[in-house]
Amino acid sequence: MFRSRERQRIYMDYASTTPTDPRVLEAMLPYFGDRFGNAASLHSWGMEAREALEKAREEIASFIRASPMELIFTSSATESNNLAIKGAAFASRGKGRNIITSRIEHPSVLEPCRWLERNGFEVTYISVDEHGLVDPAKVEEEIRGDTILVSIMHANNEIGTIEPIREIGEICGERGVLFHVDAAQSLGKIPVDVEEMGVDLLTLSGHKIYGPKGIGALYVREGVKIEPLLHGGGHEYGLRSSTVNIPGAVGFAKACELMRDLMEEEAERLGRLCRKLIEEISEIDGVHLTGHPEKRLPTIASFWLEFIEGERLILELNERGIAASIGSACASGKLEPSHVLLAIGLNEDRARRGLRLSVGRWTRRGEVEYVIEALREIAGKYAK
Ligand SMILES: *Cc1c(COP(=O)(O)O)cnc(C)c1O
């Protein structure tokens, strides 16, 4: 079994990625070996692969209460978000050119939106309140005659805030506008149910729920039209050409199957650990909780700290064997203020002082206590 405490290291960055569950790895292994077939082939190897693929599709689809023909495999949540947004925009561009999203979306939603703006579309960015909540009434206000798509995330990956998706879904349904939801961070932590949420398009990722990296999925409600990004052999109902990643799909499905049994208990246990982190770390002078006090994922504790800049803090924690995050992955190497922290009203200086601790399947109480102690020590060193 994976042990996060190996060599005195504590992993508290489950929101970035999770270790692959050993049971997931075991389920995948045959598909790297004997069962290597291409699901599009007509012979027995192909049939074997096809069977595994369709079984995986059924498992994941039923986990979000979709039908299998509404689920297509992609390489990641990033690809699913791109496919949903650009795909819907191009399929509906005869109807209109306006898209509505929020200021706190993941870059894999915001960047496709910016790209569409450079290519003849118009994007409305909805602001959020100080807890990161999108007001459904604001979404309704912004819907115009030429609005074709609304894209709002289920739960925010930096501050954990859970958005009022059902209310927004209802509004989109009434106004006849497509509704896309990025559920990469919420899947497996809180219920994700496409019927209850009233969504048309929904993004999922394997590696955030103890599945492998390199596999994602997009739910496309029956009858909803999107244009593919990848053109080729017509795989995945013509929406995503390319030989499907069978080991990935099998692993993702196994991760969902495990979640089905574990989610409730796990959310409760992790919720307790997370509340302990939030309560005790918030008590340190100069530390402030970010995100909603209640409407938040049970796995993310997020703060901003007056006395230390984010990157410095991550290094201080790393020296103590603790893996944490400033909230968003910094691909450029230069620490930009977090767009999420800016959107909830922090200034540029404060928006560089974020900390995200995220817990998961192998987090233990002792680790939580150690991290709290480490932060007290760092506060003692830096706070004047
Ligand atoms: C991690 C994450 C993504 C990107 O997922 P990949 O599968 O790594 O591309 C997108 N949106 C949210 C909310 C995420 O947390």
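To start, this report covers the structure provided alongside it. A quick note: this is a predicted structure, and the numbers were derived from the prediction, not measured.

## A word on the packing of aromatic side chains
By convention here, two paired aromatic rings are described through the distance between centres and the angle between planes.
Piece 1. Tallied over the full model, the rule gives six aromatic pairs.
Piece 2. Both rings, one in Tyr-11 and one in Tyr-14, keep their centres 5.1 Å apart while their planes meet at 70 degrees; by these two values the pair is edge-to-face.
Piece 3. Owing to a relative accessible area of 3%, Tyr-14 belongs among the buried residues under this scheme.
Piece 4. Within the aromatic cluster, the residues linked to one another by ring pairs are Tyr-11, Tyr-14, Tyr-210 and Trp-362.

## A word on the sheet that holds strand β9 (residues 287-289)
Piece 1. Taken in spatial order, the three strands line up as β9-β10-β12 in an open sheet, and their pairing is antiparallel. At either end of the open sheet lies a strand with only one pairing partner, and these are β9 and β12 (354-358). Adjacent strand axes in the sheet meet at a mean angle of 30 degrees when their direction is disregarded.
Piece 2. Across three bridges, the pairing between β9 and strand β10 (residues 300-305) is antiparallel.

## A closer look at the pairing of strand β6 (residues 178-182)
Piece 1. Among the five residues that make up β6, five are buried, leaving the element largely enclosed by the rest of the structure.
Piece 2. Looking at chain direction, strand β5 (residues 147-151) and β6 are connected through three bridges and run parallel. Bridge assignment links Ser-151 to a residue of β6, and that residue is His-180.
Piece 3. For the segment spanning β5, helix α6 (residues 165-175) and β6, crossover handedness is right-handed.

Each value, and the rule that gives it
Residues numbered from 1 in each chain as written. Predicted model: local features only at pLDDT ≥ 70, side-chain atom pairs only at ≥ 80, totals over all residues. Heavy atoms only, no water. Phe/Tyr/Trp six-rings, centres within 6.5 Å; stacked < 30°, edge-to-face > 60°. Buried < 20%, exposed > 50% of the residue type's maximum accessible area, 1.4 Å probe, protein only. Pairing = 2+ DSSP bridges. Helix = DSSP H or I, 4+ residues; strand = E, 2+ residues; numbered from the N terminus. Axes fitted to C-alpha atoms, helices over the stretch in contact; angles between N-to-C directions. Right-handed = clockwise from strand over helix to strand, strands pointing away.

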